[in-house]
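Examination of the molecular architecture
Spelled out from the first residue to the last, the chains are:
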Amino acid sequence: MLKQLSKPSFEPSRNEADVWELFHENSKVDKHKLIIPNDVVIQKMRGEDDSLDYQSFPLIKLAELSDDELADIKLCIQRRTSGSNWNLTEMSFLELSTLLQLTYGITRSNVDTDYEQPFRACPSGGGLYPLEIFLSIRNVEGLEAGLYHYNPHKKGLEFLREGDQTFKLSSAFVQRNVIEGAACVWLLGGMFRRSTFK
């Protein structure tokens, strides 16, 4: 029997732990619950997309990465420091393409293997990839300011909304100057239905 919160309400819970405890209790696999058979899991995974697809929006293909550019990212990571100058910066399209592909991009397709979903640059429990990456772009070379969605299957950005969204976003942050000085702000969204069925 599923555990329920004591008082149904449309207001946020005062104790956020209640919501996570509810999820945890109802998603456990232990000796008192049946384990979902592999064929049921595979059928469910085949029925779910592992990325949103905004087909009716324009798609901007990412830059292809050369071996030299891949070597440059290693050096970049090794020399990384936190900045203190929050003036508006500029990012190249190649830099953005590199970051997207090496953090959440598809690394192999898994066609003709036992794996249902393609592998990506980062791990995901059960290969379900519940995260979606949206980008509020303000100052990226060659891209119009606006809101974009990263589609790893198409190796591209889907252009969802035109216009600079920076000041709308910055109002939700304590350090507004950090957001207002960024060429691009990454927004991560979760598609919980992808990971809760297991």
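Refer to the structure above for everything that follows.
We now turn to the structure provided with this report. (Residues numbered from 1 in each chain as written. Predicted model: local features only at pLDDT ≥ 70, side-chain atom pairs only at ≥ 80, totals over all residues. Heavy atoms only, no water.)

1. Here we look at the sheet that holds strand S4 (residues 131-137)
Strand order in this open sheet of five strands is S1-S6-S5-S4-S7, and the pairing throughout is antiparallel. Two strands in the sheet have a free side with no partner beyond their single neighbour: strand S1 (59-61) and strand S7 (184-190). Between one strand axis and the next, the sheet turns through 30 degrees on average, direction left out of account. Pairing analysis gives four bridges linking S4 to strand S5 (residues 146-151), with the strands arranged antiparallel. Counted as the bridge partner of leucine 135 is tyrosine 148 from S5. (Pairing = 2+ DSSP bridges. Helix = DSSP H or I, 4+ residues; strand = E, 2+ residues; numbered from the N terminus. Axes fitted to C-alpha atoms, helices over the stretch in contact; angles between N-to-C directions.)

2. Description of the pattern of salt bridges
Within the structure shown, the criterion is met by three salt bridges. A salt bridge links aspartate 53 to lysine 154, with the nearest nitrogen and oxygen atoms 2.8 Å apart. Of the two residues, aspartate 53 is situated in the loop between helix H2 (38-47) and S1 and lysine 154 in the loop between S5 and strand S6 (156-162); the sequence distance between them amounts to 101 residues. What makes aspartate 53 partly exposed here is its relative accessible area of 35%. Residue class for lysine 154 comes out partly exposed when judged on its relative accessible area of 28%. For arginine 138, the salt bridge goes to aspartate 164, with nearest N and O atoms at 3.1 Å. A residue pair is termed long-range when its members are at least 10 positions apart, and arginine 138 in the loop between S4 and S5 and aspartate 164 in the loop between S6 and helix H5 (166-170) qualify at 26 residues. Classification of aspartate 164 as partly exposed rests on a relative accessible area of 35%. (Salt bridge = Lys/Arg side-chain N within 4 Å of Asp/Glu carboxyl O. Buried < 20%, exposed > 50% of the residue type's maximum accessible area, 1.4 Å probe, protein only.)

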